[in-house]
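Below are the chains, spelled out letter by letter.
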Amino acid sequence: MKTLLFSLLMLIACTAQAQQAPLDLPANYQFKTIEDYQVYRQDAYNAMQWMIEQPLSTSDKEWELASAFIMQYVQGSPDVSIMLKDIYLEGILKDKDPLISKNLIIPYISAMAMTQLKFPKADAIMVQNNGFQVMLRAYESIRKNHKNKFMEKIRRLNRKGDLYLWLKEHEQA
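Please read these numbers as outputs of a predicted model, since none were measured by experiment.

Visitor: Help me out: how do you make sense of the packing of aromatic side chains in this one?
Guide: Both the distance between ring centres and the angle between the ring planes are used here to describe each pair of aromatic rings. A full pass over the atoms with the stated rule returns 13 aromatic pairs. Between Tyr29 and Tyr40 the ring centres are 6.3 Å apart and the planes differ by 70 degrees, which places this aromatic pair in the edge-to-face class. With Tyr29 in the loop between helix H1 (2-17) and helix H2 (34-39) and Tyr40 in the loop between H2 and helix H3 (41-53), the pair connects residues that are 11 residues apart, well separated along the chain. Judged by its relative accessible area of 15%, Tyr40 is buried. Between Phe31 and Tyr73, the ring centres sit 5.8 Å apart and the planes meet at 70 degrees, which makes this aromatic pair edge-to-face. One end of the pair, Phe31, is in the loop between H1 and H2; the other, Tyr73, is in helix H4 (residues 61-76), and 42 residues separate them in sequence. Comparing Phe31 with Tyr73, the two get one shared label, buried.

As structure tokens, then:
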């Protein structure tokens, strides 16, 4: 368990320190068969990592392309199974600020999917925690001018060391 937690923390740290690389998506990709998901697995992982590394700003063409590719991959991949619970997202999706309601969600989903791809036996709490850690890091970059009540709650829980317990409580519900 400690090894998995350490590996997840290293994944977050390495992703945070990586230099921004240009987006490199495959041309004419299609997700029709299970084999397609295997063919594009590394491309999807790279796109997710690229997404996590991007500073939050208004969407641009590359961000939209990466977002579409990631969502298509995540929705059909046999290696990714993400539970998006209302308790985790309601306070974000209802925010009128697109930096909150739109741009925080894809890095969150990307981090969870990356965790499942890299650590197939990771439990739901670890997967969610990794997603929240990435989302919190992105939120911190815009927090000064873009506050969100739910993210402030998550931020307080994380700073007190209670986020994992909060996730555990909601994953078991």
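Visitor: Sorry if this is basic, but what is going on with unusual backbone geometry here?
Guide: Most peptide bonds take the trans form, and the phi angle of most residues other than glycine is negative. Its identity is not glycine, yet Asn28 carries a phi of approximately 55 degrees, on the positive side. Topologically, Asn28 is positioned in the loop between H1 and H2. Assessed through its relative accessible area of 72%, Asn28 is described here as exposed.

Visitor: Looking at this structure, I do not really get the side chain of Ser67. What am I missing?
Guide: The topology assignment puts Ser67 in helix H4. Leave out the neighbours within four places in its chain, and Ser67 touches Met51 and Ile106.

Visitor: How do you make sense of the nonpolar core when you look at a structure like this?
Guide: Among soluble globular proteins, nonpolar side chains are generally buried collectively. Counting residues in each nonpolar core, the largest one holds 54 residues, and the members touching the most others are Met48, Ile92, Leu104, Phe132 and Trp166. For this core, the secondary structure elements donating two or more residues are H3, H4, helix H5 (86-93), helix H6 (98-101), helix H7 (105-118), helix H8 (124-142), helix H9 (149-160) and helix H10 (163-171). Counting residues per element, this core draws most heavily on H8, which supplies 10 residues. Residue contacts for Leu104: discarding those within four places in its chain leaves Leu56, Ile92, Leu99, Met135, Ala138, Tyr139 and Met151.

Visitor: How do you make sense of the environment of Asn129 when you look at a structure like this?
Guide: Within the secondary structure, Asn129 is located in helix H8. Residues contacting Asn129, with those up to four places away along its chain left out, are Leu163, Tyr164 and Leu167.

Visitor: Quick question: what am I supposed to make of the environment of Leu25 here?
Guide: When you line up the elements, Leu25 lands in the loop between H1 and H2. Leu25 sits in the partly exposed class, given a relative accessible area of 22%. Through-space distance from the C-alpha of Leu25 to that of Glu62 is 9.6 Å; in sequence the pair is 37 residues apart. Ignoring sequence-local partners within four residues, the contact set of Leu25 consists of Ala47, Leu65, Ala66 and Phe69.

What counts, and at which threshold
Residues numbered from 1 in each chain as written. Predicted model: local features only at pLDDT ≥ 70, side-chain atom pairs only at ≥ 80, totals over all residues. Heavy atoms only, no water. Phe/Tyr/Trp six-rings, centres within 6.5 Å; stacked < 30°, edge-to-face > 60°. Helix = DSSP H or I, 4+ residues; strand = E, 2+ residues; numbered from the N terminus. Buried < 20%, exposed > 50% of the residue type's maximum accessible area, 1.4 Å probe, protein only. Contact = heavy atoms within 4.5 Å. Core = buried A, V, L, I, M, F, W, Y, C linked by side-chain atoms within 4.5 Å.

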